Amino acid sequence: EAQVTQNPRYLITVTGKKLTVTCSQNMNHEYMSWYRQDPGLGLRQIYYSMNVEVTDKGDVPEGYKVSRKEKRNFPLILESPSPNQTSLYFCASSIMDRYNEQFFGPGTRLTVL
Amino acid sequence: SQQGEEDPQALSIQEGENATMNCSYKTSINNLQWYRQNSGRGLVHLILIRSNEREKHSGRLRVTLDTSKKSSSLLITASRAADTASYFCATVPTGNQFYFGTGTSLTVIP
């Protein structure tokens, strides 16, 4: 089954404790992206990657890191989480052409205390 | 911000009625897409309209695009209770970033 998977689905952590949210897709998509969703603000793009070893900042990259060492995986790293990073996070992927329908993962709900 | 804005923020209608929601954006685009999100879940792609298209249909969905006004509308005809969800427009301007709107929350009352 074609899908985007994220782990963990739920995470409660404390300020400053490094964490990684994994994202994997099995559709051989070139483009992958991370979003955060907050009430009243919609979805905002954090980082995106157009292919292996190619990553770019989105609208809200501060406090986040990403890597794209393999085509299928695009982990999101929070080196020192803070409470304002409490949010619902989505990973998405799409074929890299000019018109990109995105396929979304199920989401990771992160709470930073 | 280049983020789009949906209007209205919330919409409540009776089953069988049509639902119309609008999206406005700020920059030139390659295409505009509409997505649906059931509460707390991942978004699902509904329809894509290219910048050189004015109208597109898919089942009970009708999307229009007016690039001169930088706006789009999504019409859901003969709504069903299962259409209850949030609907987002997404724009792809000149680069490869995606900009989502803030969403319209649709409630269809059986």
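Here goes a summary of the coordinates provided.

**With respect to the sheet that holds strand β3 (residues 19-25) of chain A**
Note: strands within a sheet are paired through backbone hydrogen bonds, in either parallel or antiparallel orientation. All names here are of chain A. Taken in spatial order, the four strands make up an open sheet running β1-β3-β8-β7, and their pairing is antiparallel. Each of the sheet's edge strands pairs with one partner strand only, and the pair in question is β1 (4-7) and β7 (65-66). Where β7 lies against strand β8 (residues 76-78), two bridges are found, and the strand directions are antiparallel. Paired with V66 across the bridge in β8 is L76.

**Quick word on the pattern of salt bridges**
Following the criterion strictly, the structure yields nine salt bridges over all chains and no others. When the shortest N-O distance is used, the salt bridge between E53 of chain B and R50 of chain B registers 3.8 Å. Its salt-bridge partner being E55 of chain B, residue R62 of chain B comes within 3.1 Å of it at the nearest N-O pair. Exposure remark for R62 of chain B: the relative accessible area of 30% places this residue in the partly exposed category. The partly exposed category is assigned to E55 of chain B, whose relative accessible area is 40%. Residues joined in a network through salt bridges with shared partners are K18, K65 and E79 of chain A.

**Points about the state of the cysteines**
Residues and elements named next belong to chain B. In this structure the tally under the stated criterion is two disulfides over all chains. The partner cysteine of C23 in its disulfide is C89, sulfur to sulfur 2.0 Å. Where C23 bonds to C89 through sulfur, the torsion about that S-S bond is close to 65 degrees, and the disulfide is right-handed. Here C23, found in strand β3 (residues 19-24), pairs with C89, found in strand β9 (residues 85-92); they are 66 residues apart in sequence, far enough to count as distant. An identical accessibility class is assigned to C23 and C89; each is buried.

**Thoughts on the nonpolar core**
Considering soluble globular proteins, one finds that nonpolar side chains tend to be buried as a cluster. By size, the foremost hydrophobic cluster in this structure holds 20 residues, and its most contacted members are M21, L32, W34, L74, I76, Y87 and L106 of chain B. If near-sequence neighbours (up to four positions away) are discounted, M21 of chain B is found in contact with D7, P8, W34, S72, S73, L74, I76, Y87, T104 and L106 of chain B. In this structure, V4, M32, Y47 and C91 of chain A belong to the second largest nonpolar core, which totals 19 residues.

**Details of the packing of aromatic side chains**
For the structure shown, the criterion picks out ten aromatic pairs over all chains. Ring geometry for F90 of chain A against F104 of chain A: centres 6.3 Å apart, planes inclined by 80 degrees, an arrangement best described as edge-to-face. Taken together, the positions of F90 of chain A in strand β9 (residues 87-94) and F104 of chain A in strand β10 (residues 103-104) put the pair 14 residues apart, joining distant regions of the chain. Residue F104 of chain A is classed as buried on the basis of its relative accessible area of 11%. Of the aromatic side chains, those joined through ring pairs into one cluster are Y31, Y35, Y48, F90 and F104 of chain A together with Y35, F98 and F100 of chain B.

**Here we look at the side chain of D83 of chain B**
All names here are of chain B. Secondary-structure assignment places D83 in the loop between β8 (71-76) and β9. Of the polar contacts made by the side chain of D83, one reaches the side chain of R60; its length is 2.9 Å. A polar side-chain atom of D83 sits 2.8 Å from the main-chain amide nitrogen of R80.

Scoring rules and cut-offs
- Residues numbered from 1 in each chain as written.
- Chains lettered and ligands numbered in written order.
- Predicted model: local features only at pLDDT ≥ 70, side-chain atom pairs only at ≥ 80, totals over all residues.
- Heavy atoms only, no water.
- Pairing = 2+ DSSP bridges.
- Helix = DSSP H or I, 4+ residues; strand = E, 2+ residues; numbered from the N terminus.
- Salt bridge = Lys/Arg side-chain N within 4 Å of Asp/Glu carboxyl O.
- Buried < 20%, exposed > 50% of the residue type's maximum accessible area, 1.4 Å probe, protein only.
- Disulfide = S-S within 2.5 Å.
- Core = buried A, V, L, I, M, F, W, Y, C linked by side-chain atoms within 4.5 Å.
- Contact = heavy atoms within 4.5 Å.
- Phe/Tyr/Trp six-rings, centres within 6.5 Å; stacked < 30°, edge-to-face > 60°.
- Polar contact = N/O pair within 3.5 Å; in protein donor to acceptor, adjacent residues only side chain to side chain.

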